[in-house]
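The chain contents come next:
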Amino acid sequence: MKSDRIRIATRRDASKLLEIYAPYVEKTAVTFECEVPAVPEFEKRIGHVLEKYPYLVAEREGAISGYAYAGTFKNRAAYRWAVETTVYVREDLKKMGTGRELYAALEKILSMQNILNLNACIAYPCEAEDPYLTRDSVQFHEHLGYQFVGQFHWCGYKFGRWYHMIWMEKFLGGHTENPPAVKSFGEVRSLVAEKLGIW
């Protein structure tokens, strides 16, 4: 089911985005965050991302159905062509294409910014799947062309259980000498509205 609209998030979306994020914190090990952030903290996070990267929300029937954003992979200057990607979808709308739509739009915008590397940090069960964590996120990223890079073992402890963490990556372009300079989201925002209809 296609989203009605994908648009740029604003700080005013914080409370609605938290309604999507909170169940992942409280009931899953998908995020290693253990306490739901307050609305002002989430507003700050949105604003911080938008200083450099896109933060997108999908809407369906007038309500936010999911969100995705890119963030700094590492702070050192040589990493500037790489980002970390994140996506969350409302519990009752998972596996309906929202995450795929959000990531597709995110990739188009990041390409406009001359970003080359997408990195996803994903919680992973130590052994069998359990009530708090499945391998769905890994499979989702595999379907979108991400490849396994590496694994950190027993590095997250939540709900009385240990979890691994893996990294997956996807390239948006070739790695050449003198790559084009990375642009901030602000520099491409008008082009995003014009070419993609996202504002």
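Here, every reference points to the structure presented above.
Here the structure is a predicted model, which is why all the values come from computation and not from measurement.

The rules behind these values
- Counting restarts for each chain: residues are numbered from 1 in the order of the written sequence.
- Two thresholds apply to this predicted model, a pLDDT of at least 70 for residue-level local features and 80 or more for giving and counting side-chain atom pairs, whereas whole-chain, interface and lining totals are computed over all residues.
- The basis for every side-chain value is the complete set of heavy atoms in the structure, and neither hydrogens nor water enter the calculation.
- Only strands joined by at least two bridges in the DSSP assignment are considered to pair.
- The secondary structure listing takes helices from DSSP runs of H or I that are at least 4 residues long and strands from runs of E that are at least 2 residues long, numbered from the N terminus.
- In this analysis an axis means a line fitted to C-alpha atoms, helices contributing only their contacting stretch, and an angle means the value between N-to-C directions, from 0 to 180 degrees.
- Two joining distances apply to patches: 9 Å for like charges and 5 Å for nonpolar side chains (Val, Leu, Ile, Met, Phe, Trp, Tyr), and every residue must have over 30% relative accessible area and no salt bridge.
- Areas reported here follow the Shrake-Rupley algorithm with a probe of radius 1.4 Å; residue values treat only the protein chains shown as occluding.
- Basic side-chain nitrogens of Lys or Arg form a salt bridge, by our definition, when they fall within 4 Å of a carboxyl oxygen of Asp or Glu.
- Accessible area is worked out with a 1.4 Å probe on protein chains only. A residue is then buried under 20% of its type maximum, exposed over 50%, and partly exposed in between.
- One less than the number of residues in a helix, times 1.5 Å, gives the span that helix is expected to have.
- One fitted axis covers the seven residues ending at a residue, a second covers the seven starting there, and the bend at that residue is the angle between these axes.
- Two residues form a contact once any of their heavy atoms are found within 4.5 Å.
- Throughout, the term roughly parallel applies to angles under 35 degrees, roughly antiparallel to angles over 145, roughly perpendicular to angles from 65 to 115, and oblique to all others.

A. Structural context of the sheet that holds strand β6 (residues 147-158). The sheet built from 7 strands is open, its strands ordered β1-β2-β3-β4-β5-β7-β6 with mixed pairing. Looking at strand neighbours, the two that pair on one side only are β1 (5-8) and β6, the edges of this open sheet. Between one strand axis and the next, the sheet turns through 25° on average, direction left out of account.

B. Examining a nonpolar patch on the surface more closely. Together, Trp154, Tyr157 and Trp162 line one region of the surface with nonpolar side chains, adding up to about 410 Å² of accessible area. Its place among the elements puts Trp154 in strand β6. Residue Trp154 is classed as exposed on the basis of its relative accessible area of 52%.

C. Summary view of helix α1 (residues 14-27). For α1, built from 14 residues, the straight-helix expectation of 20 Å at 1.5 Å per residue is met to within 8% by its first-to-last C-alpha distance of 20 Å. Of all the bends in α1, the largest measures some 35° and sits at Ile20, one to four residues before the proline Pro23. Along α1, the positions that sit buried rather than exposed are Ala14, Leu17, Leu18, Ile20, Tyr21, Ala22, Pro23, Tyr24 and Val25. At its buried positions, α1 is contacted by α2 (39-50), β2 (55-60), β3 (63-72), β4 (82-89) and β6.

D. Just the packing of α1 against α2, in detail. Orientation of α1 relative to α2, taken along the N-to-C sense of each, is 100°, at an axis distance of 9 Å. Relative to α2, α1 is oriented roughly perpendicular. Facing Ala14, Ser15, Leu17, Leu18 and Tyr21 of α1, the residues of α2 in contact are Val39, Phe42, Glu43, Arg45 and Ile46.

E. Looking closely at the pattern of salt bridges. Evaluation of the coordinates by the stated rule reveals 12 salt bridges. A salt bridge links Glu59 to Arg5, with the nearest nitrogen and oxygen atoms 3.6 Å apart. With Glu59 in strand β2 and Arg5 in strand β1, the pair connects residues that are 54 residues apart, well separated along the chain. Assessed through its relative accessible area of 15%, Glu59 is described here as buried. Residue classification places Arg5 among the partly exposed residues on the basis of a relative accessible area of 33%. The salt bridge involving Asp13 is made with Arg7; its shortest N-O contact spans 2.8 Å. No difference in accessibility class separates Asp13 from Arg7, as the two residues are buried. Through salt bridges with shared partners, one network takes in Arg5, Arg7, Asp13 and Glu59.

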